[in-house]
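Residues per chain are reported as follows:
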Amino acid sequence: MDRPRAQHLVPPTEDLARAAAAGDGAALEELLQTLRPEVLRRCGRFLPCREDAEEAAQDVLLQLARKIGTFEGRSRFSTWLHTVVANCCRQKYRELKRRAAEQPVPVADDRQADPRTTSVIAGSRLDLLEALDRLERERPHLVEPLVYRDICQLDYAEAAERAGVPLGTFKSRLHEARRQVRPWLADGS
C-alpha cells in the first residue's frame, strides 16, 4: 500500500517540467535535482573525460533553468532535454578543441600512449564528435537526424517530430548522414 502512495507523492519528470515551464520555482528545483544524474550520464555518452562531461552537465542544467519557459509540452520533455544535452556537449567539445588549439604545444614527451590503457570508447567518441563537427560544416541539415537517432537513441517517430520533418524525410536524411560519416569514422580522419 505504501508503494502506490509513494509513487503518487513524487511527480513524474514530465509533470515537473510542465509546472516549471509555467513558472513554478519549486518544481524547477526538484526537476534539476531529479535530472542531475541522468544529465551527467547523457553527457558522458558524448564526452569521454569525466570532468568535461561534468562541465557539460552543469551547462545543461543551467540552460534548462534559463530556458524551461520555452518548453511548450507539445512533445515529451525527455525529447526536449535530449536536444539541450546534445547541443551543450557539442558546444563544450568545440570549446575544448578551440582551447587546445590556442595553447602552446608542450615539449615532446618520450612516452607514447599505451593502447592497453587508452580507452577505445573515449577515442571513438572523439572521432564521432569530429565527424559531427565536419558534417555540420559540410551538410548541416544532416546533423540533427544523426544526433537524435544514433546518439540520443530516440525512436524514429519522436526524432522526426523533434527535427520537424516528415518521417520519410527524416529516414532519408539519417541514411545520408550515416553514409557521409561512416568513412570518416573508419579512417579516423
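See above for the structure.
Residues numbered from 1 in each chain as written. Predicted model: local features only at pLDDT ≥ 70, side-chain atom pairs only at ≥ 80, totals over all residues. Heavy atoms only, no water.

**Notes on the nonpolar core**
Judged by nonpolar contacts, the single largest core of 50 residues is most densely connected at Leu 31, Cys 43, Leu 64, Ile 68 and Phe 77. When contributions to this core are tallied by element, the ones reaching two or more residues are helix H2 (13-21), helix H3 (25-46), helix H4 (50-67), helix H5 (77-102), helix H6 (120-138), helix H7 (143-151), helix H8 (156-163) and helix H9 (167-187). The element contributing the most residues to this core is H5, with 9 residues. (Core = buried A, V, L, I, M, F, W, Y, C linked by side-chain atoms within 4.5 Å. Buried < 20%, exposed > 50% of the residue type's maximum accessible area, 1.4 Å probe, protein only. Helix = DSSP H or I, 4+ residues; strand = E, 2+ residues; numbered from the N terminus.)

**Section: the packing of H4 against H5**
In the contact formed by H4 and H5, the axes pass within 9 Å of each other and the chain directions differ by 130°. In this view, H4 runs oblique relative to H5, as classed from their interaxial angle. Seen along the crossing, H4 lies across H5 with a hand that is right-handed. Contact residues: H4 offers Asp 52, Glu 55, Ala 56, Asp 59, Val 60, Gln 63, Leu 64 and Lys 67, while H5 offers Phe 77, Trp 80, Leu 81, Val 84, Val 85, Cys 88, Cys 89, Lys 92, Leu 96 and Arg 99. Looking at the contact of H4 with H5 residue by residue, the class counts come to 11 nonpolar, 1 polar and 6 charged. (Axes fitted to C-alpha atoms, helices over the stretch in contact; angles between N-to-C directions. Parallel < 35°, antiparallel > 145°, perpendicular 65-115°, else oblique. Left-handed = near helix turned anticlockwise from the far one by under 90°. Contact = heavy atoms within 4.5 Å. Nonpolar A, V, L, I, M, F, W, Y, C, P; charged D, E, K, R; others polar.)

**Some points on the pattern of salt bridges**
Scanning the model with the defined rule gives 15 salt bridges in all. For Arg 90, the salt bridge goes to Glu 136, with nearest N and O atoms at 2.7 Å. Of this pair, Arg 90 sits in helix H5 while Glu 136 sits in helix H6, and the two are 46 residues apart along the sequence. The buried category is assigned to Arg 90, whose relative accessible area is 8%. As a salt-bridge pair, Arg 94 and Asp 133 come within 3.4 Å of each other at their nearest N and O atoms. With Arg 94 in helix H5 and Asp 133 in helix H6, this pair connects stretches of sequence that are 39 residues apart. (Salt bridge = Lys/Arg side-chain N within 4 Å of Asp/Glu carboxyl O.)

**Details of the layout of surface pockets**
In this structure, the largest pocket spans a volume of roughly 210 Å³. Lining the largest pocket are 14 residues, with Arg 45, Leu 128, Leu 146, Asp 150 and Ile 151 sitting closest to its centre. Broken down by secondary-structure element, the contributors of at least two residues to the lining of the largest pocket are H3, H6, H7 and H9. No other element matches H9, which puts 5 residues into the lining of the largest pocket. Residues of the lining of the largest pocket, tallied by class, amount to 8 nonpolar, 1 polar and 5 charged. (1 Å grid on protein atoms, 1.4 Å probe; cavity = no way out; pocket = protein on both sides within 12 Å on 5 of 7 lines; lining within 4 Å. Points joined across faces, edges and corners; volume = space filled by probe spheres on them.)

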